[in-house]
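The primary structure of each chain is shown beneath.
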Amino acid sequence: MANNLRRTRDCFLWFTSIVYLFAFSSLYVQIPGLYGNNGILPSRLVIKPGHSGWQELMEGQPTLLKLLPRLGMDIPTGMDLLALSGMVISFFCVVSRTARDFVSFTLLWMFYLSLYQVGQTFMWFQWDILLLETGFLAIIIAPFNLQVFMRRWSASNPHDGITMWLARWLLFRLMFASGVVKLTSMCPTWWGLSALNVHFESQCIPTPAAWYWHHLPDWMLRLGVVITYIIEIAIPFLFFAPFRSLRLFAFWSQVLLQMMIIITGNYNFFNLLTITLCISLLDDSFSLFSQPPKHQTKGKGRSNSKSTSDMFRPILSLFTGFLIPLAVIGFIVYKSITLFSLNIGPGYSVQSKIAFTDAEFFKWLEQVMPYTILIGAVSLGLEILLSFGRSLVEEKGIARKAFCVLGTAVFGMVAIFMFTISLVSFVTPLVKSGSSSSLVLPKSVHKAHGFGRPFHITNSYGLFRRMTGVGGRPELVLEGHPSDRKAESGWKEYDFLYKPGDVMASPPVVAPHQPRLDWQMWFAALGNYQNNPWLLNTVYRLLQNKEEVLQLMGTNPFPSKPPKFIRATLYHYHFTTPKDCAKLKENCAWWTREKKSEYLPPISIQDKSFVDYLKHYKFLDETGKDSAPKMQAPSWMTDCLIWVRQTVGQPEGFNFVVSVFGSAILAMFLNRALF
């Protein structure tokens, strides 16, 4: 009945601190270009200058930025304050175990939520809401570090198993939903097991390794899709297995999937955040957490006789640690072979195809969804009972027992509430897809979920629902012209730091930094400019040569004078093939591209319709000028933030994020060595 979660909990909090450090530092370098008064989506579009009362803090979208006028600073400067504060707190949380407490993670969550509320299009990603939900759980998981009557209370508590269970439940919802939506979306590439034939080329920002993985044999890519289904749909049920070896198997399976994604794609801090949630599957006996056993000397008083329990322990360990897990894994392998028609083909290749229909899958999903809820409820109930047992049996002293029982009761009720409201975001998307139509949650649950919705403490997930870029990777190329005449010659391309543009440029390694403009350019290429007003304001800023926006991009083709016209052209990009490179032998391009259509016609800053469009979306005021609010009365804090911004500027994101992280790791080792 031992707790064995203190080091596991601390490892979870340490990894969460690292993710926060990546997220805050990555966002900080982009704030002026994205949200500044001369940025692409100025923060004034969300928060008006008049919001300064304390009572307005909780109205609409809760954010601390509403209170900043009281400090005499505008919203972009306030975003700098929150991002820098988040960087400092997460930095110390990485360095010191003492800093990883309830207060620190509460502040980190509040700061990131406040930034998210004004992030608009550039922060509407699943990893941002996943960080908010994980960050909220970190508040519950983190120790209080209380000191009562000159005595520091124990850092380990019986209810740690309950709070860590909430992270495990979040991991289950994330992975299971991500696997299921690939099939409920009815995407032909997922049903045809050809998704990976497209994915490595069409994902937002591929790594150099993606080029090589894209050219793997077709049967290996199809088998990769099958393995993805197994890891995301079947194995998550092992998260709640009563046998530790099965949970370890599930842990390594999930970590393997995340490592493969890290190697081939730049998904910022998302994969590290998922691995952080996987830590909830471990305990302190895991080899990375456990300490070497203390040396035991043989004394005269030691008995040589063995009890009955000692005699049966090896047999019990054989069943629980090997035979039963082997049978479960064997069953998963057997069902995988059956459901995906796996067989050995010519040349020792593995042939595969889905052997079930969509109707059969939806029927299975309808049947299994109530069981997922039942498994979660039973697992949580057992964890709560075990925590009460640890409180009464293992804790010493009446006061300590009473404190632990009370803590278990409180955190047990919190966990039950969190589990209950999470069912809305877990079940509802599947109900909408046509599955589990008989599974209807009570209105009271929906109402309780609604109270927490503005704070994003529970969310819906479903990654890679549909595969894009089947006919070629859509990519936008922005071009400027220096002359008033829109001649066909003289157009110069704008270079981006990370997204594909120059066919000779190697795909970058940019994670854990997330270049949010490059990401949104990928989404814009999938639609049209009418549905992406931020893109028109980007063009407007480029026509002005605004430095804040240009620093988010590569080399400026018009360094001395802004262009007169800008246009956007839609291309389809493809990875070059090994045969293409074999012919050239050297200086082989990474990409080939073909022009598809005009995405945005040439636009001038003098075009009345263009200016009216910007007025409509409040980028410009009625006079056609930037509607930047006036700065409040400056204060010493504002002056300090402006000085830091002028000193740091907008450096290249990847190098900045890695430098901050490296400094934190160095400080951590120095802290351990000196103290």
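(A) Representation of the overall build of the protein. Along its length, the protein carries 23 helices and eight strands. A buried classification covers 53% of the 675 residues belonging to the protein. By sequence separation, contacts in the protein at least 24 residues apart represent 77% of the contacts at least 6 residues apart.

(B) Expanded view of the nonpolar core. Residues I40, Y112, F176, Y229, L517 and W534 are the most contacted members of the largest nonpolar core, which totals 192 residues. It is helix α6 (residues 160-184) that contributes the most residues to this core, 14 residues altogether. With residues near it in sequence (within four places) discarded, Y112 still touches Y20, A23, F24, M123, D128, L131, L132, F269 and R516.

(C) Broad picture of the pattern of salt bridges. The full count for this structure, using the stated rule, is 15 salt bridges. In this structure, the salt-bridge partner of D10 is R97, at a minimum N-O distance of 3.3 Å. Linking D10 in helix α1 (residues 6-28) with R97 in the loop between α3 (75-95) and α4 (102-117), this pair joins segments that are 87 residues apart in sequence. A relative accessible area of 15% places D10 in the buried class. For K608, the salt bridge identified is with D612, shortest N-O distance 2.9 Å. Of this pair, K608 and D612 both sit in helix α21 (residues 608-616), four residues apart, which is roughly one turn of that helix. K608 sits in the exposed class, given a relative accessible area of 63%. With a relative accessible area of 30%, D612 lands in the partly exposed category. One network of salt bridges, with partners in common, ties together D10, R97 and R100.

(D) Focus on the state of the cysteines. Applying the stated rule across the entire model yields one disulfide. Note on cysteine connectivity: C581 is disulfide-linked to C588, with sulfurs 2.1 Å apart. Disulfide C581 to C588: torsion about the S-S bond roughly -60°, handedness left-handed. This pair shows no difference in class: C581 is buried, exactly as C588 is.

(E) Spotlight on the pairing of strand β7 (residues 565-575). Taken across its eleven residues, β7 has ten buried, putting it largely inside the fold. Pairing geometry for strand β5 (residues 473-481) and β7, over nine bridges, is antiparallel. Bridged to L478 within β7 is A568. Bridge count between β7 and strand β8 (residues 591-604): ten bridges; the pairing is antiparallel.

(F) Inspection of the packing of α1 against helix α23 (residues 653-674) at higher detail. Viewed as axis vectors pointing N to C, α1 and α23 meet at an angle of 145°, and their least axial separation amounts to 9 Å. As α1 runs across α23, the sense of the crossing is right-handed. From α1, W14, I18, L21, F22, S25, S26 and Y28 reach across to α23, where they touch F656, V657, V660, F661, A664, I665 and M668. For the contact of α1 with α23, a count of residues per class yields twelve nonpolar, two polar and no charged.

(G) Local environment of the side chain of Q514. Within the secondary structure, Q514 is located in the loop between β6 (492-493) and α17 (516-525). Setting aside chain neighbours within four positions, we find Q514 in contact with S26, Q30, F125, W127, N268 and W519.

(H) Representation of the packing of helix α5 (residues 126-141) against α6 within the structure. At a minimum axis distance of 8 Å, the contact between α5 and α6 shows a crossing angle of 165°. Here α5 lies roughly antiparallel to α6, going by the angle between them. Viewed along their axes, α5 and α6 form a crossing whose handedness is right-handed. In contact with L130, E133, T134, L137, I140 and I141 of α5, α6 contributes T163, M164, L166, A167, L170, R173 and L174. Tallied by class, the residues present in the contact of α5 with α6 amount to nine nonpolar, two polar and two charged.

(I) Main features of the environment of A525. By the element assignment, A525 lies in helix α17. By relative accessible area, which is 5% here, A525 ends up buried. Note: C-alpha distance between A525 and V477 (48 residues apart in sequence) is 9.4 Å.

(J) Here's a closer look at a nonpolar patch on the surface. Taken together, the side chains of I315, L318, F319, F322, L323, I324 and L326 make up a nonpolar region of the molecular surface, amounting to roughly 610 Å² of accessible area. Its place among the elements puts I324 in helix α13 (residues 308-339). The partly exposed category is assigned to I324, whose relative accessible area is 30%.

(K) Here's a closer look at the environment of F125. For F125, the position within the fold is in the loop between α4 and α5. F125 sits in the buried class, given a relative accessible area of 5%. As for F125 and R516, which are separated by 391 residues in sequence, their C-alpha atoms are 9.9 Å apart. Beyond its immediate sequence surroundings of up to four residues, F125 is in contact with Q514, R516, W519, Q520 and F523.

(L) The arrangement of the confidence of the model for the protein in detail. Taken over all residues, the pLDDT of the protein has a mean of 88, while the share at 70 or more is 89%. Between the elements of the protein, mean pLDDT differs from a low of 48, seen in strand β1 (residues 147-148), to a high of 97, seen in helix α12 (residues 270-278). In this model residues 295-303 is a low-confidence stretch, pLDDT under 50, and it forms zero contacts with partners more than four residues away in sequence or in other chains.

(M) Structural detail: α6. Here α6 is 25 residues long and its end C-alpha atoms lie 36 Å apart, about the 36 Å a rise of 1.5 Å per residue gives. For α6, a buried count of 25 out of 25 residues is recorded, marking the element as mostly surrounded by other parts of the structure.

(N) Representation of unusual backbone geometry within the structure. The omega angle of the peptide bond from A511 to P512 is 15°, so this bond is cis rather than trans. Inspection of the secondary structure assignment puts P512 in the loop between β6 and α17. You will see that Q120, though not glycine, has its phi angle at about 55°, which is positive. With respect to the helices and strands, the residue Q120 is situated in the loop between α4 and α5. Given the relative accessible area of 12%, Q120 is considered buried.

(O) Region of the structure containing α12. Burial analysis of α12 places nine of its nine residues in the buried class, the great majority of the element. Buried within α12 are the following residues: F270, N271, L272, L273, T274, I275, T276, L277 and C278. Residues of α12 that are buried make contact with α1, α5, α6 and α11 (244-264).

(P) Highlighting the packing of aromatic side chains. One pass over the structure, following the stated rule, counts 52 aromatic pairs. Taken together, a centroid distance of 6.3 Å and an interplanar angle of 25° make the contact between F356 and F361 stacked. No difference in accessibility class separates F356 from F361, as the two residues are buried. Taken together through their ring pairs, the aromatic side chains of F125, W127, Y267, F270, F464, W519, W522 and F523 make up a single cluster. If you follow R593 out to its NZ or CZ, it ends over the ring of Y571, 4.3 Å from the centre.

Conventions adopted
Residues numbered from 1 in each chain as written. Predicted model: local features only at pLDDT ≥ 70, side-chain atom pairs only at ≥ 80, totals over all residues. Heavy atoms only, no water. Helix = DSSP H or I, 4+ residues; strand = E, 2+ residues; numbered from the N terminus. Buried < 20%, exposed > 50% of the residue type's maximum accessible area, 1.4 Å probe, protein only. Contact = heavy atoms within 4.5 Å. Core = buried A, V, L, I, M, F, W, Y, C linked by side-chain atoms within 4.5 Å. Salt bridge = Lys/Arg side-chain N within 4 Å of Asp/Glu carboxyl O. Disulfide = S-S within 2.5 Å. Pairing = 2+ DSSP bridges. Axes fitted to C-alpha atoms, helices over the stretch in contact; angles between N-to-C directions. Left-handed = near helix turned anticlockwise from the far one by under 90°. Nonpolar A, V, L, I, M, F, W, Y, C, P; charged D, E, K, R; others polar. Parallel < 35°, antiparallel > 145°, perpendicular 65-115°, else oblique. Patch = residues over 30% accessible without salt bridge, like charges linked within 9 Å, V, L, I, M, F, W, Y side chains within 5 Å. Areas by Shrake-Rupley, 256 points an atom, 1.4 Å probe, with all protein chains shown as cover. pLDDT = per-residue confidence, 0-100. Expected span 1.5 Å × (residues − 1). Phe/Tyr/Trp six-rings, centres within 6.5 Å; stacked < 30°, edge-to-face > 60°. Lys NZ or Arg CZ within 6 Å of the ring centre and 35° of its normal.

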